[in-house]
Amino acid sequence: MGQGVSVGLSVPLAEELLSELAQYTLEAPASSWGSQSTESCARFRWAVNVGCWMPDGGSHGEEFRLLLSLLPFEEQQAVMQYRTLPDRKRTLVGRLLSLRACAQALGDPTYDHIQIGRTKGKKPFLHSPLPGSLPNFNFNISHDGNWVVLASDCLYLVGVDVSAPQIDRGEPDDETWFQDMTSVLTETERETIRRGKTHQERYAIFQRIWSAKEAVAKAVGQGLSFGLERMEVSFPELEEEGIGSLVWSAMGWSRSEEHPPKRGRTNFSSLLANLQGGARGDRQSKRLEDGRVLQGKPCKVELHIDHWLRTDWMVEQQEFSGGSWVTVALGPVDDAVDADGNFKTTFRIPGLGGPASVEARVCKHLCWLCKAM
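None of the values given here were measured: they were computed from a predicted structure.

## Concerning unusual backbone geometry
So, step 1. The omega angle of the peptide bond from Ser128 to Pro129 is -10°, so this bond is cis rather than trans.
So, step 2. Assignment of secondary structure puts Pro129 in the loop between β3 (124–128) and β4 (138–144).
So, step 3. Positive phi values are uncommon outside glycine, yet Lys122 reaches one of about 80°.
So, step 4. In this structure, Lys122 sits in the loop between β2 (115–118) and β3.
So, step 5. Phi is positive for His307, which is not a glycine, with a value near 75°.
So, step 6. According to the relative accessible area criterion, His307 is exposed, its value standing at 54%.

## Describing the layout of surface pockets
So, step 1. Approximately 940 Å³ is the volume attributed to the largest pocket.
So, step 2. Taken together, 34 residues form the lining of the largest pocket, with Ile141, Ser142, His143, Glu214 and Lys218 sitting closest to its centre.
So, step 3. Put simply, the parts of the chain that give the lining of the largest pocket at least two residues each are α4 (85–106), β4, β6 (157–163), α6 (176–181) and α8 (199–220).

## Some details on the pattern of salt bridges
Two side chains of opposite charge can pair, provided their charged atoms sit close to one another.
So, step 1. Within this structure, the stated rule accounts for 15 salt bridges.
So, step 2. We note a salt bridge from Asp87 to Arg90, for which the minimum N-O separation is 2.6 Å. Here Asp87 pairs with Arg90, and both are found in helix α4, just 3 residues apart, close to one helical turn.
So, step 3. Judged by its relative accessible area of 28%, Asp87 falls in the partly exposed class.
So, step 4. The shortest N-O distance in the salt bridge between Arg194 and Glu187 comes to 3.3 Å.
So, step 5. A relative accessible area of 43% places Glu187 in the partly exposed class.
So, step 6. The structure contains a network of salt bridges with shared partners spanning Glu187, Arg190, Glu191 and Arg194.

## Section: the pairing of strand β5 (residues 147–153)
So, step 1. Burial within β5 is extensive, with 7 of its 7 residues counted as buried.
So, step 2. Side chains of β5 alternate between two faces, with Trp147, Val149, Ala151 and Asp153 and Val148, Leu150 and Ser152 buried alike.
So, step 3. Sheet topology places strand β1 (residues 45–49) next to β5; 5 bridges connect them, and they run antiparallel. Bridge assignment links Asn49 to a residue of β5, and that residue is Trp147.
So, step 4. As defined by bridge partners, β4 adjoins β5 across 7 bridges and the pair is classed as antiparallel. Its bridge partner lying in β5, Phe139 is registered against Ser152.

## Comments concerning the nonpolar core
So, step 1. Of all hydrophobic cores here, the largest spans 54 residues; its most connected members are Leu92, Leu97, Ile114, Phe137 and Leu150.
So, step 2. It is α4 that contributes the most residues to this core, 10 residues altogether.
So, step 3. Excluding its chain neighbours within four sequence positions, the residues that come into contact with Leu92 are Trp53, Phe64, Leu67, Leu68, Leu71 and Val79.
So, step 4. Core analysis: the next-biggest nonpolar cluster, separate from the first, contains 33 residues, Leu157, Ile209, Phe226 and Phe343 among them.

## Structural notes on α4
So, step 1. With 22 residues, α4 ought to run about 32 Å at 1.5 Å a step, and its terminal C-alpha atoms sit 32 Å apart, in line with that.
So, step 2. Burial of α4 is extensive: 18 of the 22 residues sit out of reach of the surface.
So, step 3. One or two positions beyond α4, positive phi appears at Gly107, with a value near 75°.

## Section: the packing of helix α7 (residues 187–194) against α8
So, step 1. At a closest axis distance of 8 Å, the pairing of α7 and α8 adopts a crossing angle of 150°. Residue-level inspection shows Glu189, Thr192, Ile193 and Arg194 of α7 in contact with α8, the latter providing Arg202, Ile205, Phe206, Ile209 and Lys213.
So, step 2. Of the residues assigned to the contact of α7 with α8, the class counts are 4 nonpolar, 1 polar and 4 charged.

Calculation notes
Numbers given for residues are sequential positions, taken from 1 along each chain in its written order. In keeping with the model being predicted, local features are shown solely for residues with a pLDDT of at least 70 and side-chain atom pairs are shown and tallied solely at 80 or more, while totals for entire chains, interfaces and linings include all residues. Each side-chain value is worked out from all heavy atoms of the structure, with water and hydrogens disregarded. Secondary structure is summarised from DSSP: a helix means a run of H or I of at least four residues, a strand means a run of E of at least two, and numbering begins at the N terminus for each. Exposure is judged per residue with a 1.4 Å probe applied to protein chains only, and the accessible area is read against the type maximum: over 50% gives exposed, under 20% gives buried, and values in between give partly exposed. Method remark: on a 1 Å grid restricted to protein atoms, a set of points is classed as a cavity if a 1.4 Å probe fits but cannot get out and as a pocket if it is open with protein on both sides within 12 Å along at least five of seven lines; lining residues have an atom within 4 Å of a point. Grid points are joined across faces, edges and corners, and a volume is the space filled by probe spheres set on the points. One side-chain nitrogen of Lys or Arg within 4 Å of one carboxyl oxygen of Asp or Glu is enough to make a salt bridge. Two strands pair under a simple rule: DSSP has to find at least two bridges between them. Among buried residues, the Ala, Val, Leu, Ile, Met, Phe, Trp, Tyr and Cys ones that are joined through side-chain atoms within 4.5 Å form a nonpolar core. By definition in these notes, contact holds between two residues if any of their heavy atoms fall within 4.5 Å. How far a helix is expected to stretch is found by multiplying one less than its residue total by 1.5 Å. Interaxial angle, 0 to 180 degrees, is taken between N-to-C directions of lines fitted to C-alpha atoms, where a helix line uses only the stretch in contact. Under the scheme applied here, ten amino acids are nonpolar (Ala, Val, Leu, Ile, Met, Phe, Trp, Tyr, Cys and Pro), four are charged (Asp, Glu, Lys and Arg), and all others, including Gly, are polar.

Okay, here's the thing in C-alpha cells:
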C-alpha cells in the first residue's frame, strides 16, 4: 500500500533525546497503591470483567454508591445519566481506573488533586499535576460487552480498544453488520473477512480489524473523527496459522473439542478491593483469578495510514477468554491531534518518535493484569 515510514533516529538526535530521557527515572513513585515492579514504569495494562459484578441494590445500592462517591460530582452525574445498570457499571469502572492510573503514576494516595481533561475527540488525559518522573504520561480507556480496559504509557501516545462478540453486545448472531461497516473497511480487509468459513469466524476477524483501527484513532485523540477508512490493518499470523484455528482460539475453543465448553460464572470479590490492589495476575501464564487464561500470545498488527506503512507505530492484540479482542496501539506523541492544545502541553519530550526508535533502551512492554470479578 505504499512505502514504509522511516523510524530511524540520527545519532546526534538519538543522543540528545537519550540525554533528555536520562533526566527522568521513568518510574512511578512508590505509594500506598503498591510498588509492583511490573508496573513501576506506569505502563499499565488493566482489564476488569464487570459482567460478573452484581452489586446488591444495583446502582442504588451501598456498594455502587460508595464507589460512585470517589468521583467528582460532575463525573458522578455522567455515570448516572445512563439508564441501564450495565452501562453505569462500565462507565463507573472506566472512570475509577482512570483516576487510579493517574494517582499511581503520581504516587498520590488520593484522587483529591487530580484533574483529568479531554481532547476535542474525547480522549481523557491527566491535565494536572503532571508526574515528575514520567515525561509523556498518557492513558486510554475502552469498554465493550463485559470488559473495561485501560492502557497507559510514559513515553508514547497510547490507545486501547476492546471489541466484544455479538452475544456479549446483545446483538443478533448474524451478518447484518457487514453491510453497515463496509465504508470503514478496505477491499483487502473485506476479503480477509470473507475468508472466514462461518459468520462467527467472519465477525471475529472483523472484531480484530475494528479494534485495531479504534485503538490508533483513540491514541491520536480523535476517535472516529480520525477516519477509520484512512487505515488498513493486516495480521501477519493469519497467513501462518490459518484463519480457522485462530478464530476457534479467539472463541475460547479448541479444534480437538467436539462441542464448545460451557462457561461458568466467575466468582465475585469486592470491586473496591480489586481496584485498590488485590491479587495480581501471573505474568507467565497470564492466568485469571478463576483459573481461565488469556488465549494465545499477543499478536502483531501491521498498520497503514493513508496508504503509508507506519512502522513507527506498534499495534498489538490479545485475545480474552470468551471471545473479546483487545488492542493496544503505541505511536509518536507528535501524531497527537489536539484542537484545544491542552493535551500536547503535557508532553515534556516531543519528537521522540515511535516505539521502534528507542524501545530497546527503555522499559519493556507489559502483560495484561486481568481481574475477573
